[in-house]
Amino acid sequence: MKKENTTTYTSDFAQDVHEGLTQYPKYLSSKFIYDEKGDKLFQDIMNMPEYYLTNCEFNILKKHTSLIADYFNGEKGFDLIELGAGDGKKTKILLQHLVDKNYDFKYSPVDISQHILDDLEHSLQKKIPEVSVETLQGSYFKVLENLADYNTRKKAIMVLGSNIGNLMHDKAIEFLKNIQVAMSDEDMLFMGFDQKKNPETILNAYNDPTGITERFNKNLLVRINKELDANFDTENFKHWETYDPETGTAKSFLVSLKEQEVSINELNLNINFKAWETIHTEISQKYDDEVVEWLADEAGLKVIEFFTDDKGFYKNYIFKK
Ligand code: AVJ
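What counts and what doesn't
- Residues numbered from 1 in each chain as written.
- Predicted model: local features only at pLDDT ≥ 70, side-chain atom pairs only at ≥ 80, totals over all residues.
- Heavy atoms only, no water.
- Pairing = 2+ DSSP bridges.
- Helix = DSSP H or I, 4+ residues; strand = E, 2+ residues; numbered from the N terminus.
- Axes fitted to C-alpha atoms, helices over the stretch in contact; angles between N-to-C directions.
- Parallel < 35°, antiparallel > 145°, perpendicular 65-115°, else oblique.
- Left-handed = near helix turned anticlockwise from the far one by under 90°.
- Contact = heavy atoms within 4.5 Å.
- Nonpolar A, V, L, I, M, F, W, Y, C, P; charged D, E, K, R; others polar.
- Buried < 20%, exposed > 50% of the residue type's maximum accessible area, 1.4 Å probe, protein only.
- Expected span 1.5 Å × (residues − 1).
- Core = buried A, V, L, I, M, F, W, Y, C linked by side-chain atoms within 4.5 Å.
- Near = heavy atom within 4 Å.
- Polar contact = N/O pair within 3.5 Å; in protein donor to acceptor, adjacent residues only side chain to side chain.
- Areas by Shrake-Rupley, 256 points an atom, 1.4 Å probe, with all protein chains shown as cover.
- Salt bridge = Lys/Arg side-chain N within 4 Å of Asp/Glu carboxyl O.

## Points about the sheet that holds strand β7 (residues 237-244)
Then, number 1: Strand order across the open sheet formed by 4 strands is β1-β11-β8-β7, with mixed pairing between neighbours. If you trace the sheet from one side to the other, it starts and ends with β1 (26-27) and β7, each paired once.
Then, number 2: As judged from the 7 bridges shared by strand β8 (residues 249-256) and strand β11 (residues 278-285), these two strands associate in the antiparallel manner. Paired with Leu 254 across the bridge in β11 is Ile 279.

## Topic: the packing of helix α1 (residues 12-21) against helix α10 (residues 212-228)
Then, number 1: At a minimum axis distance of 12 Å, the contact between α1 and α10 shows a crossing angle of 125°. The orientation of α1 with respect to α10, classified from their angle, is oblique. Considering the relative orientation of α1 and α10, their crossing is left-handed. Facing α1, whose interface residues are Phe 13, Ala 14, Val 17 and Leu 21, α10 presents Arg 223, Ile 224, Glu 227 and Leu 228.
Then, number 2: Each residue belonging to the contact of α1 with α10 can be placed in one class, and the counts come to 6 nonpolar, no polar and 2 charged.

## A word on unusual backbone geometry
Then, number 1: The amide bond that connects Tyr 24 to the next residue, Pro 25, takes the cis arrangement and shows omega of -5°.
Then, number 2: With respect to the helices and strands, the residue Pro 25 is situated in the loop between α1 and β1.
Then, number 3: Positioned with a positive phi, Ser 162 is a non-glycine residue whose angle comes to about 55°.
Then, number 4: You can call Ser 162 buried: its relative accessible area is 8%.
Then, number 5: Although it is not a glycine, Asn 268 adopts a positive phi angle of roughly 55°.
Then, number 6: Along the polypeptide, Asn 268 turns up in the loop between β9 (260-264) and β10 (269-273).

## Notes on the packing of helix α2 (residues 36-46) against α10
Then, number 1: Where α2 contacts α10, the two axes come as close as 9 Å, and the packing angle between them is 165°. Here α2 is positioned roughly antiparallel relative to α10, judged by the angle of their axes. Judged by the twist between their axes, the crossing of α2 over α10 is left-handed. Here Lys 37, Gly 38, Leu 41, Phe 42, Asp 44 and Ile 45 of α2 come into contact with α10, specifically with Ile 212, Thr 213, Arg 215, Phe 216, Asn 219 and Val 222.
Then, number 2: Looking at side-chain class alone, the contact of α2 with α10 contains 6 nonpolar, 3 polar and 3 charged residues.

## Comments concerning helix α8 (residues 169-182)
Then, number 1: A rise of 1.5 Å per residue sets the reference length of α8, with its 14 residues, at 20 Å; its end C-alpha atoms lie 20 Å apart and thus fit the reference within 8%.
Then, number 2: Every buried residue of α8 is accounted for by His 169, Ala 172, Ile 173, Phe 175, Leu 176, Ile 179, Gln 180 and Ala 182.
Then, number 3: Residues of α8 that are buried in the fold lie against β2 (78-83), α7 (140-147), β5 (154-159), β6 (188-194), β11 and α11 (289-298).

## With respect to the nonpolar core
Then, number 1: Counting residues in each nonpolar core, the largest one holds 67 residues, and the members touching the most others are Phe 72, Phe 190, Ile 224, Phe 232 and Ile 264.
Then, number 2: Among the elements that take part in this core, α10 stands out by supplying 6 residues, more than any other.
Then, number 3: In contact with Phe 72, not counting residues within four places along its chain, are Phe 78, Leu 80, Leu 94, Lys 154, Ala 156, Met 158, Met 188 and Phe 190.
Then, number 4: In terms of nonpolar packing, the next biggest core, distinct from the first, is built from 28 residues, Leu 83, Val 110, Phe 193 and Phe 319 among them.

## Remarks on the site of the ligand
Then, number 1: Lining the immediate environment of the ligand, one finds Tyr 34, Phe 42, Ile 45, Tyr 51, Gly 161, Ser 162, Asn 163, Asn 166, Tyr 206, Phe 216, Glu 282 and Ser 284.
Then, number 2: The separation between an oxygen atom of the ligand and a polar side-chain atom of Tyr 206 is 2.5 Å.
Then, number 3: Between the ligand and Ser 284 there is a distance of 2.6 Å, counted from an oxygen atom to a side-chain nitrogen or oxygen.
Then, number 4: Against a free-state accessible area of 350 Å², the protein chains account for coverage of 97% of the ligand.
Then, number 5: Only α2 and β11 provide two or more residues apiece to the shell around the ligand.
Then, number 6: When grouped by side-chain class, the residues that make up the shell around the ligand number 6 nonpolar, 5 polar and 1 charged.

## Some details on the pairing of β10
Then, number 1: Burial of β10 is one-sided: the residues Leu 269, Ile 271 and Phe 273 facing one way are buried, the residues Asn 270 and Asn 272 facing the other way are not.
Then, number 2: Pairing of β9 with β10 involves 5 bridges; the strand directions are antiparallel. By the bridge assignment, Gln 260 is partnered in β10 with Phe 273.
Then, number 3: Once β9 ends, the chain turns through 4 residues before running back antiparallel as β10, passing Asn 268 with a positive phi of about 55°.

## Side note on the pattern of salt bridges
Then, number 1: Evaluated as defined, the whole model comprises 16 salt bridges.
Then, number 2: Among the salt bridges present, the one from Glu 227 reaches Arg 223, with a minimum N-O distance of 2.9 Å. Of this pair, Glu 227 and Arg 223 both sit in helix α10, 4 residues apart, roughly one helical turn.
Then, number 3: A relative accessible area of 14% places Arg 223 in the buried class.
Then, number 4: The structure contains a network of salt bridges with shared partners spanning Asp 79, Asp 104 and Arg 153.

What is shown is where atoms sit, not what they do.
Structure, rendered in structure tokens:
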């Protein structure tokens, strides 16, 4: 049952918080975790031993750099466009190789956060000053729209970190389709997909004993408190992770430990929680080749190659139109 939301708010955040917390069951979008504090917590997650994704992808990029670089290159060189720039630690491996081998390329990291882009540009200037960098600030969708007329030479579009896993399949197809439309026939897409594996390994990656992932998840509530003048007590919620090995879907929840009322003053809204009521906050989808091929097909793309880490936990696929 969808209740219509009649109030209109100035920000997407306010709008989505209102919508998600007045539905049943309640939900909040994981994209709002990433303010400055959320970015920092995600950095900490990438350094946790349980969060295998980062090391696996690092391993792949290191092992297969020169093959991957060959796929990127075109007749007149290429533009490397990375959606979701992050801290660029993994990308630096590739960039260093491209510089060492004298490829003719430009690197364009795309991110919604100007702060992240500035940091990245700064650290690249220091570590690999030979790279020509052009940052693009904006949502993926907006930037992709403009990329279509950016067609002077081959585009290699790159999405690392299994970021696509935050999207359920219908949204993932939409995302891939937007990329496909921005691609010309010679362009390629290079994208990371975390694979189905021992369910225990997956649960541990999203349920660390030091509570970093819990703080990351609860940053949604902290952000609502800060930006929408609310009074969530994060102690009254429990971080809960599930993984369904059949569908490959990992889900994060915040579970209310007791009956409680929370006021969100900016929204003029009081939210009631029953004891054990849930807020669904994130999905982290896990894949296999069949599902990746199906998503690609639905989006008008073809898998032409993939690379995997030594444990077979993670794969990076190359797609063309
Ligand atoms: C950045 C979306 C790939 O889902 O694995 C890490 C975010 N959430 N721990 C993921 C995340 C909890 C991450 N992605």
